[in-house]
Amino acid sequence: MNYTELHLHLDGSMRAETLTALAADAGVALPDEIQFFPGIGLEEALLRFGTTVACLQTTDSIRRVAKEICEDAIACGVTTLEIRFAPQLHPIASPEEIVDAALDGIDGRAGLILCGLYGEAPSILNGHVEIAKTRKGVVGIDLAGAPQPSHQWNIADYADPFGRAHGLGMGRTVHAGEGGRPPTEIRQAIELLHAERIGHGTSLLEDPSVVELVIKKDVVIEACPTSNMQTGIISSVNSHPLPTWLKLGVKACVNCDNWLLSGINPVEEHRRALGIPGMTDALLAQCLETGRNAAFAS
Ligand SMILES: [Zn+2]
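Residues numbered from 1 in each chain as written. Predicted model: local features only at pLDDT ≥ 70, side-chain atom pairs only at ≥ 80, totals over all residues. Heavy atoms only, no water.

## Considerations on the overall build of the protein chain
Then, number 1: The secondary structure content of the protein chain amounts to 12 helices and eight strands.
Then, number 2: The C-alpha atoms of the protein chain give 18 Å as radius of gyration, which agrees with the globular expectation for 298 residues (19 Å, within 12%).
Then, number 3: Seen through its C-alpha atoms, the protein chain measures out along the principal axes to roughly 50 × 40 × 35 Å.
Then, number 4: Put simply, the protein chain has 298 residues, and 55% of those count as buried.
Then, number 5: The long-range share in the protein chain, meaning contacts at least 24 apart out of those at least 6 apart in sequence, stands at 74%.
Then, number 6: Per element, the accessible surface of the protein chain, about 11600 Å² overall, is 52% carbon and sulfur.
Then, number 7: Positive and negative side-chain charges in the protein chain, numbering 22 and 37 respectively, have mean positions lying 5 Å apart. (Helix = DSSP H or I, 4+ residues; strand = E, 2+ residues; numbered from the N terminus. Rg over C-alpha atoms; globule rule 2.2 N^0.38 Å. Buried < 20%, exposed > 50% of the residue type's maximum accessible area, 1.4 Å probe, protein only. Contact = heavy atoms within 4.5 Å. Areas by Shrake-Rupley, 256 points an atom, 1.4 Å probe, with all protein chains shown as cover. Lys, Arg positive; Asp, Glu negative; His and termini not counted. Charge placed at Lys NZ, Arg CZ, Asp CG, Glu CD.)

This is the structure:
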């Protein structure tokens, strides 16, 4: 099977034994259980990244995890892979050195996406765009995390870096419509940030005009069924709207979000997606083709 994996966070996808080793090296105490559990909620899920990120504060650790993700992807039949992370969360070296460590580990086997985080100054994403300009392996930018009412910056404030990425032909994806956030966010990501792909997009069906926009603009939704079940957006993987999206003409691919934290891998995620009532072998094949075509060109 030629699986695609376009929505995968480096800091949530290391091998369990690697996390144990890195935590020992870094002197980080691991909780009894690092994995998400069903209904964990988006906030608590994001907190768990604090622990994994604390274990990734050397260029060697980033290189190692990027390398192992590529090896594990190949081992389970993934032929189209993109890995994303936020270099600014690893301030132990310059952002360029952090990105280069990840690219070194990837060694041409995956595209790298650089994430800005909701609430951060847009200048950070502008910095990512600058780094991407000179590195072929960086294929796009993302806006990740979750918007909070306390944030000084909102989604519209990231129009500058995303507009620049658009102008330079870099890939653009945005976490939007996740965690019970409204479909308006998906519209803003497309209209203001030129998003070609949307991460999660689980609230899409709440607004038919946004469904229409997604179809008209040929935007691809990066569906993450297991992750959505764990953060409590859907009660079970079987209630994920993926088959409904596909039947309406929305393009979507199937993704894990986080191999370690979600306790999932591409084989199992695609098996679960196929098990959603309404899914068929043909619709899953369509998702795989979409994933191959939606990969950001380097
Ligand atoms: Zn994500």
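Next comes the rest of the account.
## Side note on the layout of surface pockets
Then, number 1: In this structure, the largest pocket occupies an estimated 430 Å³ of space.
Then, number 2: Of all the secondary structure elements, the ones that give two or more residues to the lining of the largest pocket are helix H2 (42-54) and strand E3 (111-117).
Then, number 3: If one sorts the elements of the lining of the largest pocket by residue count, H2 sits on top with four residues.
Then, number 4: Residues of the lining of the largest pocket, tallied by class, amount to 13 nonpolar, nine polar and three charged. (1 Å grid on protein atoms, 1.4 Å probe; cavity = no way out; pocket = protein on both sides within 12 Å on 5 of 7 lines; lining within 4 Å. Points joined across faces, edges and corners; volume = space filled by probe spheres on them. Nonpolar A, V, L, I, M, F, W, Y, C, P; charged D, E, K, R; others polar.)

## Here we look at the side chain of threonine 290
Then, number 1: When you line up the elements, threonine 290 lands in helix H12 (residues 281-294).
Then, number 2: We classify threonine 290 as buried; its relative accessible area is 10%.
Then, number 3: Not counting residues up to four positions away in its chain, the partners in contact with threonine 290 are Val220, Lys251 and Ala252.

## Focus on the nonpolar core
Then, number 1: In this structure, Val174 and Leu242 are the most contacted members of the largest nonpolar core, which totals 84 residues.
Then, number 2: In this structure, valine 174 is in contact with Tyr118, Asp142, Leu143, Ile155, Phe162, Ala189, Leu193, Ala195, Arg197, Ile198 and Gly199, ignoring residues within four places of it in sequence. (Core = buried A, V, L, I, M, F, W, Y, C linked by side-chain atoms within 4.5 Å.)

## Observations concerning unusual backbone geometry
Peptide bonds are trans in most cases, and residues, glycine excluded, mostly fall at negative phi.
Then, number 1: The residue histidine 194 is not glycine, and still its phi comes out positive at about 55 degrees.
Then, number 2: Along the chain, histidine 194 turns up in the loop between helix H7 (184-191) and strand E6 (197-200).
Then, number 3: If you check the backbone angles, aspartate 218 has positive phi at about 60 degrees while not being a glycine.
Then, number 4: Position of aspartate 218 relative to the elements: it lies in the loop between helix H8 (208-216) and strand E7 (220-223).

## Structural notes on helix H1 (residues 16-26)
Then, number 1: Among the residues of H1, those classed as buried are Thr18, Leu19, Leu22 and Ala23. Angularly, the buried residues of H1 cover 135 degrees about the axis, an arc narrow enough to put them on a single face. Within H1, the exposed residues directed more than 90 degrees away from the buried face are Glu17, Ala24 and Asp25. (Arc of directions from axis to C-beta.)

## What to know about the packing of H1 against helix H3 (residues 59-75)
Then, number 1: As a packed pair, H1 and H3 sit with axes 11 Å apart at the nearest point and diverge in direction by 175 degrees. One way to sum up the angle between H1 and H3 is to call them roughly antiparallel. Between H1 and H3, the residues in contact are Thr18, Ala21 and Leu22 and Ser61, Arg64, Val65 and Glu68, respectively.
Then, number 2: The residue makeup of the contact of H1 with H3, split by class, is three nonpolar, two polar and two charged. (Axes fitted to C-alpha atoms, helices over the stretch in contact; angles between N-to-C directions. Parallel < 35°, antiparallel > 145°, perpendicular 65-115°, else oblique.)

## Points about the sheet that holds E6
Then, number 1: Read across the open sheet, the eight strands follow the order E1-E2-E3-E4-E5-E6-E7-E8; overall the sheet is parallel. Each of the sheet's edge strands pairs with one partner strand only, and the pair in question is strand E1 (3-5) and strand E8 (251-254). Going from strand to strand, the sheet's axes swing by 25 degrees on average, the running direction of each strand aside.
Then, number 2: When strand E2 (residues 78-85) meets E3, the two strands line up parallel, connected through four bridges. From the neighbouring strand, arginine 84 faces E3, where its bridge partner is isoleucine 113. (Pairing = 2+ DSSP bridges.)

## Considerations on the coordination of the zinc ion
Then, number 1: Around the zinc ion, the protein supplies His7 (NE2), His9 (NE2), His175 (NE2) and Asp257 (OD) as donor atoms, at distances of 2.1 to 2.4 Å.
Then, number 2: Classification of the site at the zinc ion as irregular follows from its four donor atoms and the range of 82 to 168 degrees in their angles at the metal.
Then, number 3: In primary sequence terms, the donor set of the zinc ion follows H-x1-H-x165-H-x81-D. Here histidine 7 is found in the loop between E1 and H1, whereas its partner histidine 175 is found in strand E5 (residues 171-176), with 168 residues between them in sequence.
Then, number 4: Residue histidine 7 is classed as buried on the basis of its relative accessible area, which comes to 0%. (Donors = N, O, S within 2.8 Å, 3.2 Å for Na, K, Ca; no water. Tetrahedral: all angles 85-135°; square planar, octahedral: opposite > 155°, others 65-115°.)

Note that all results are geometric; they support no functional claim without further evidence.
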